[in-house]
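Residue-level structural notes
One-letter residues, chain by chain:
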Amino acid sequence: MQMIIVDDEAHWVDNLSMHKPWHTLGIEQVHKAYSAREALQIIETQPIDIVISDILMPEMTGIELIEKIRESDKRIKCIILSGHSDFEYAKEALRHKAVEYLLKPPTDDELFGAVKTAIEQLKAEWESISSHERTEYALRENLPLLRGQLLLDALRGAKMPADEWSRKLENYNLPIRFGDCALLLVRLEEEFGQYRNNGQQLMEYAIINIAEEIFGEFTEVWGVREEHGYLAFLLQLKDESPETKKEMLLEKLAVQLQAKVKQYLKGSLSIVITEPFRFPEQIADTYRKAASAFRQIVGDEREFVMRVSDLEQNVSEGALDTIHSPPTISNLLEAGRWDTLEEKLQQVFEELDLKWSDSWEHCMEAGFMIASAYTHYAHRNGHKLEQLLGEDMELLQSGEAFATIGKLRNWTMAGLGKLKEGTANEVNDIRSHYVKKVQSFTEKNLHLDVSLRALADHVNLHTTHLSKIYKIETGEGISDYVSRLRMERACHLLKTTDKKVYEISAEIGYLEPAYFIKVFKRQFGVTPQDYRIGS
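Residues numbered from 1 in each chain as written. Predicted model: local features only at pLDDT ≥ 70, side-chain atom pairs only at ≥ 80, totals over all residues. Heavy atoms only, no water.

Moving on, we come to the side chain of threonine 286. As for its placement among the helices and strands, threonine 286 is situated in helix α11 (residues 283-296). In this structure, threonine 286 is in contact with Leu183, Thr274 and Phe277, ignoring residues within four places of it in sequence. (Helix = DSSP H or I, 4+ residues; strand = E, 2+ residues; numbered from the N terminus. Contact = heavy atoms within 4.5 Å.)

Take a look at the structure:
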């Protein structure tokens, strides 16, 4: 947990933050703020759980600070300290759900007791949010979506250990077990084209329901709409299914499905059924064969029911697996997951070396996919691939990059490094651009609102993101920069002008001259007036 202590009396803040054993309560970090505005800037960028604040401060009271906090985060716990036992103050603090209202100076027992209460309230709230019952309710609400996504991942070839499969099948209340299954792919024919822009999902949902009703008597059914528009059903015979003619049962049920859809939804279906296979290890390969079966139907044949074995399978060495399995190269590039992408590419080349070392076509297939992903990434980021790759582009244009697996590996890894380097330079340029915009705006508007929120709005970034990139680029936090700039500007004006202290205070953004004097003295050890005299 993280806590912040807010008070315009610096010695009080420093003493509470640095000389109390907060770690014994589970507080990992204690932040310091010498004004409410400084506290709000820290709260915007840090995951603060507890606020201990004085009630009377320049510019903004502790009560007003709680109001501001409540606008963006209702879970932060606030403890108010005050030198006044004023009932109205206490009533306002309680109205804004302060945990405690303590008179200054509180004893350690009072202060630690208030923080313990705040921690207990936080734990109770988060335990409620993450409670088993609430999680189960959310799971039930999203169960159809989760089941469908799990089946899609399996069809795409996502790898999962057996124990994770078992856990997910149980958690999602799926009756499918490891062992023999069949896959049914259903294609909606042209009669359903009229629903493409309006009602297509309802039609698909209706067909899935009809299929579950028809097949459900004899098989466990798990269905989803896959990425090519087919409806995919994983089927597993129940123990009580009839022993005779099991091989004909699925065809018979598929014909019934066609008939009922024709009768009630006025549309036709084409259906491909696979031979039994081992689930889950063979599902991705079986799915690819089933999808391929649709492409092997010659002419305009429609409304058929066909087993994959009924079609003459083309003799083939097989297809690449790793490069097609999720996450794809393009997705990893877009997410900037360079290390994961490099691991995936290494796995692609390991598969090529192991299975297809003498197949130029497989090398070419992998090469085209990699080159396509690289090109798409470059164009998405406003570049030409030729600009990023330089002389390596000639190897792609001549086809030399695809000549052997070794050459493709070298070209791919060299290209990956250049893409990463080009992106890094661009990111640095973008960071520098935002820093310059922030600094320019701050220098011109120091007398106005230059809080982190105002600066983030000016450059159209989220406060947390702006805070991070500014710190990465400059090594300095934005609030530190603004404070430093104000003090530098104050020193310059005190040295070179005859402006009054209150005028300088207003010019650099301090509404209360007394607060400006206090901050200046804390920074330089003398008051502004003494600094002017000394200069």
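More follows now that the structure is in view.
Before going further, it helps to spend a moment on helix α7 (residues 143-156). Relative to the 20 Å expected for 14 residues at 1.5 Å per residue, α7 spans 20 Å between its end C-alpha atoms, a close match to the ideal helical length. Directly beyond the C-terminal end of α7, a positive phi value near 95° is found at glycine 157. (Expected span 1.5 Å × (residues − 1).)

Adjacent strands of a sheet form backbone hydrogen bonds with each other and so pair up, either parallel or antiparallel. What the 5 strands build is an open sheet, ordered β2-β1-β3-β4-β5; its pairing is parallel. The sheet is open, and its two borders are formed by β2 (29-33) and β5 (100-103), each paired with just one other strand. Pairs of neighbouring strands in the sheet enclose a mean axial angle of 20°, with direction left out of account. When strand β3 (residues 50-54) meets strand β4 (residues 77-82), the two strands line up parallel, connected through 5 bridges. Residue isoleucine 52 lies in a different strand from β4, and its bridge partner there is isoleucine 79. Sheet contacts for helix α1 (residues 10-18): β1 (2-6), β2 and β4; angle to β2, the most-contacted strand, approximately 180°. (Pairing = 2+ DSSP bridges. Axes fitted to C-alpha atoms, helices over the stretch in contact; angles between N-to-C directions.)

The geometry of a pair of packed helices is captured by two quantities: the angle between their axes and the separation between those axes. Running from N to C, helix α20 (residues 478-496) and helix α22 (residues 513-524) cross one another at 95°; their axes reach a closest spacing of 11 Å. Taken together, α20 and α22 sit at an angle that is classed as roughly perpendicular. Taking contact as the criterion, the partners of Met487, Ala490, Cys491 and Leu494 in α20 are, on α22, Phe516, Val519, Phe520, Gln523 and Phe524. Taken together, the residues that form the contact of α20 with α22 break down as 8 nonpolar, 1 polar and no charged. (Parallel < 35°, antiparallel > 145°, perpendicular 65-115°, else oblique. Nonpolar A, V, L, I, M, F, W, Y, C, P; charged D, E, K, R; others polar.)

Of the positions making up helix α8 (residues 162-171), those classed as buried are Trp165, Lys168 and Leu169. Considered in projection along α8, the buried side chains sweep an arc of 100° and stay on one side of the axis. Projecting away from the buried face of α8 at angles above 90 degrees are the exposed residues Asp163 and Glu170. Where α8 is buried, its residues touch α7, β7 (219-225) and β10 (277-279). Phi for asparagine 173, located one or two positions after α8, is positive at around 55°. (Buried < 20%, exposed > 50% of the residue type's maximum accessible area, 1.4 Å probe, protein only. Arc of directions from axis to C-beta.)

The residue after lysine 104, namely proline 105, is reached through a cis peptide bond having omega -10°. Relative to the helices and strands, proline 105 is located in the loop between β5 and α5 (108-129). In this chain, phenylalanine 279 is followed by proline 280 through a cis amide linkage whose omega measures 5°. By the secondary structure assignment, proline 280 is in the loop between β10 and α11.

Before going further, it helps to spend a moment on the pattern of salt bridges. Under the defined criterion, the tally for this structure stands at 28 salt bridges. Ionic pairing is found between aspartate 285 and lysine 289, a salt bridge with its closest N-O pair at 3.5 Å. Of this pair, aspartate 285 and lysine 289 both sit in helix α11, 4 residues apart, which is roughly one turn of the helix. By relative accessible area, which is 37% here, aspartate 285 ends up partly exposed. On the basis of relative accessibility, which here comes to 41%, the residue lysine 289 falls in the partly exposed class. One salt bridge connects arginine 484 with glutamate 488, and the closest N-O pair in it is separated by 3.0 Å. (Salt bridge = Lys/Arg side-chain N within 4 Å of Asp/Glu carboxyl O.)

Averaged over every residue, the pLDDT of the protein chain is 86; residues scoring 70 or more account for 91%. Least confident of the elements in the protein chain is helix α6 (residues 132-141), whose mean pLDDT is 63; most confident is strand β8 (residues 231-237), at 96. Scored below 50 in pLDDT, residues 311-316 shows 7 contacts in the model against residues more than four places distant or in partner chains. (pLDDT = per-residue confidence, 0-100.)

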